[in-house]
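Read off the chains here:
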Amino acid sequence: QVQLVESGGDLVQAGGSLRLSCAASGSIDICDSMDWYRQVSEKPREWIAQITRHRDINYLPSLEGRFTISRDNAKNTLYLEMTNVKPEDTGIYYCNCRQKGRGYYWGEGTLVTVSS
């Protein structure tokens, strides 16, 4: 079991960059995959990107090229690099860890606000 804490959310101007972190309380070696999601206003939580333990990566197609997901198992941390951010990227960003056979662990989220 791990506890996840997101950080790095901030107010940023459109066109800028931001790096989000998701720090785990324990080893993320237990995570078969780790994902980033975001929630904008009252809309359902939206999946953004996934990285597996084998470093297979998938993105929401509309975000590919602007967002980059990575994981550092030595630091037990998941990252999301956001570039050329847009006002519609504003939202609360969440990370999760999927442990096969055990389920999902979620963080509490970090707020990203992009000003135009």
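Data block above holds the structure.
(A) Region of interest: the packing of aromatic side chains. Tallied over the entire structure, the rule returns one aromatic pair. A cation sits over an aromatic face here: Arg 45 above Tyr 94, 3.6 Å from the ring centre. Above the face of the Trp 106 ring, Arg 45 is positioned so that its terminal group lies 4.8 Å from the ring centre.

(B) Summary view of the nonpolar core. With 29 residues, the main nonpolar core has Leu 4, Trp 36, Met 82 and Tyr 93 as its most contacted residues. Those elements that place two or more of their residues in this core are β3 (18-24), β4 (33-39), β5 (46-52), β7 (67-72), β8 (77-82), β9 (91-99) and β11 (110-115). Here this core takes four residues from β3, the largest share from any one element. When neighbours within four sequence positions are excluded, Met 82 is seen to be in contact with Gly 16, Ser 17, Leu 18, Leu 20, Arg 66, Phe 67, Asp 89, Tyr 93 and Val 112.

(C) Looking closely at the side chain of Asn 76. Tracing the chain through its elements places Asn 76 in the loop between β7 and β8. A distance of 3.1 Å separates a polar side-chain atom of Asn 76 from the backbone nitrogen of Ile 28. With residues near it in sequence (within four places) discarded, Asn 76 still touches Cys 22, Ala 23, Ala 24, Gly 26, Ser 27 and Ile 28.

(D) Just the pattern of salt bridges, in detail. For the structure on display, the rule yields five salt bridges. For Arg 38, the salt bridge goes to Glu 46, with nearest N and O atoms at 2.9 Å. A residue is classified by how much of its surface remains accessible, and Arg 38, at 7% relative accessible area, is buried. For Glu 46, a relative accessible area of 30% puts it in the partly exposed group. Taking the shortest distance from any N to any O, the salt bridge between Arg 38 and Asp 89 comes out at 2.9 Å. Highlighted residues: Arg 38 in strand β4 and Asp 89 in the loop between β8 and β9, separated in sequence by 51 residues. Taken individually, Arg 38 and Asp 89 each receive the classification buried, so the pair is uniform in this respect.

(E) Representation of the sheet that holds β3. On the basis of which strands lie adjacent, the open sheet formed by four strands has the order β1-β3-β8-β7 and antiparallel pairing. Of all the strands in the sheet, just β1 (4-7) and β7 have a single pairing partner and so form its edges. Strand-to-strand, the axes of this sheet are offset by a mean angle of 15°, without reference to chain direction. Direction of pairing for β3 relative to β8: antiparallel, over a ladder of six bridges. For Ala 23, the partnering residue across the bridge sits in β8 and is Thr 77.

(F) Quick look at the state of the cysteines. Here the structure, examined in full by the defined rule, presents two disulfides. The disulfide partner of Cys 22 is Cys 95, and the S-S distance across this bridge is 2.0 Å. Because the sign of the S-S torsion sets the handedness, a value of about 65° for the bond joining Cys 22 and Cys 95 places this disulfide among the right-handed ones. A residue pair is termed long-range when its members are at least 10 positions apart, and Cys 22 in strand β3 and Cys 95 in strand β9 qualify at 73 residues. Here Cys 22 falls in the buried class, since its relative accessible area comes to 1%. Residue classification places Cys 95 among the buried positions, given a relative accessible area of 0%. If one numbers only the bonded cysteines of the chain, in the order they occur, the disulfide pattern is 1-3, 2-4.

About the cut-offs
- Residues numbered from 1 in each chain as written.
- Predicted model: local features only at pLDDT ≥ 70, side-chain atom pairs only at ≥ 80, totals over all residues.
- Heavy atoms only, no water.
- Phe/Tyr/Trp six-rings, centres within 6.5 Å; stacked < 30°, edge-to-face > 60°.
- Lys NZ or Arg CZ within 6 Å of the ring centre and 35° of its normal.
- Core = buried A, V, L, I, M, F, W, Y, C linked by side-chain atoms within 4.5 Å.
- Buried < 20%, exposed > 50% of the residue type's maximum accessible area, 1.4 Å probe, protein only.
- Helix = DSSP H or I, 4+ residues; strand = E, 2+ residues; numbered from the N terminus.
- Contact = heavy atoms within 4.5 Å.
- Polar contact = N/O pair within 3.5 Å; in protein donor to acceptor, adjacent residues only side chain to side chain.
- Salt bridge = Lys/Arg side-chain N within 4 Å of Asp/Glu carboxyl O.
- Pairing = 2+ DSSP bridges.
- Axes fitted to C-alpha atoms, helices over the stretch in contact; angles between N-to-C directions.
- Disulfide = S-S within 2.5 Å.

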